[in-house]
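Structure at a glance
Residue-level listing of the chains:
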Amino acid sequence: MAKGGFPGGMGNMNNLMKQAQKLQKQMEDMQKELESAEFEASVGGGAVTVKVTGKKEITAINIKPEVVDPDDVEMLEDLVLSAVNEALRKADEETSSKMGKLTGGMGMPPGLF
């Protein structure tokens, strides 16, 4: 090993830097793709459907009229809450899956992206 250097000399360090830059670019591209992706979840047999983006912004909430019961608002609130949480979970799951494939299990901390 070179004195105070890296095994294999500066060539390996340059290669490592190029790989890191390539990975960073791929991660940025993947992040942009995920942010524009839409994720959908339905609950109550399709009574409530929610769409969110990868940026975790709700873009649509659809509620079937037959689910609206003025005497049971709590049930409707629960359905909306469940649909929103499921759509957000799908977005998180897809983000983790794609980033995990890209980083190849390099042990990146959760929530880094």
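All figures in this text were calculated on a predicted structure; none of them were measured in a lab. Starting afresh in each chain, residues are numbered from 1 along the sequence in its written order. In keeping with the predicted nature of the model, local features appear solely for residues at pLDDT of at least 70, side-chain atom pairs appear and are counted solely at 80 or more, and the whole-chain, interface and lining totals rest on all residues. In computing side-chain properties, one takes all heavy atoms of the structure into account and sets aside hydrogens as well as water.

1. What about the UniProt feature "coiled-coil region" (unreviewed entry) in the protein chain?
- UniProt positions are given in the numbering used here, feature names are shortened, and annotations may be inferred rather than shown by experiment. When the UniProt feature table is mapped onto this chain numbering, "coiled-coil region" (unreviewed entry) sits at residues 13-40.
- Think of it this way: any DSSP run of H or I at least four residues long counts as a helix, any run of E at least two long counts as a strand, and we number them from the N terminus. The span residues 13-40 is 86% helix and 11% strand, and its two end C-alpha atoms sit 44 Å from each other.

2. Remarks on a nonpolar patch on the surface
- Nonpolar side chains collect at one region of the surface, where Ile58, Ile61, Ile63 and Val68 lie side by side and expose about 330 Å² of accessible area between them.
- In this fold, Ile58 is placed in strand β3 (residues 58-63).
- A relative accessible area of 46% places Ile58 in the partly exposed class. To count toward a patch, a residue needs a relative accessible area above 30% and no salt bridge. Like charges then connect within 9 Å, nonpolar side chains (Val, Leu, Ile, Met, Phe, Trp, Tyr) within 5 Å. For the area figures, the Shrake-Rupley method with a 1.4 Å probe applies, and any residue is considered shielded solely by the protein chains shown. Salt bridge criterion: a side-chain nitrogen from Lys or Arg within 4 Å of a carboxyl oxygen from Asp or Glu. Whether a residue is buried, partly exposed or exposed follows from its accessible area with a 1.4 Å probe, protein chains only, as a fraction of its type maximum: under 20%, in between, or over 50%, in that order.

3. Notes on helix α2 (residues 73-103)
- Under the 1.5 Å per step criterion, the end-to-end length of α2 is 45 Å for 31 residues, consistent within 8% with the ideal 45 Å.
- For α2, the full list of buried residues reads Leu76, Leu79, Val80, Ala83, Val84, Ala87, Ala91, Thr95, Met99 and Thr103.
- Taken from the residues just after α2, Gly104 is the one with a positive phi, measuring 60°. An expected span of 1.5 Å times one less than the residue number is assigned to each helix.

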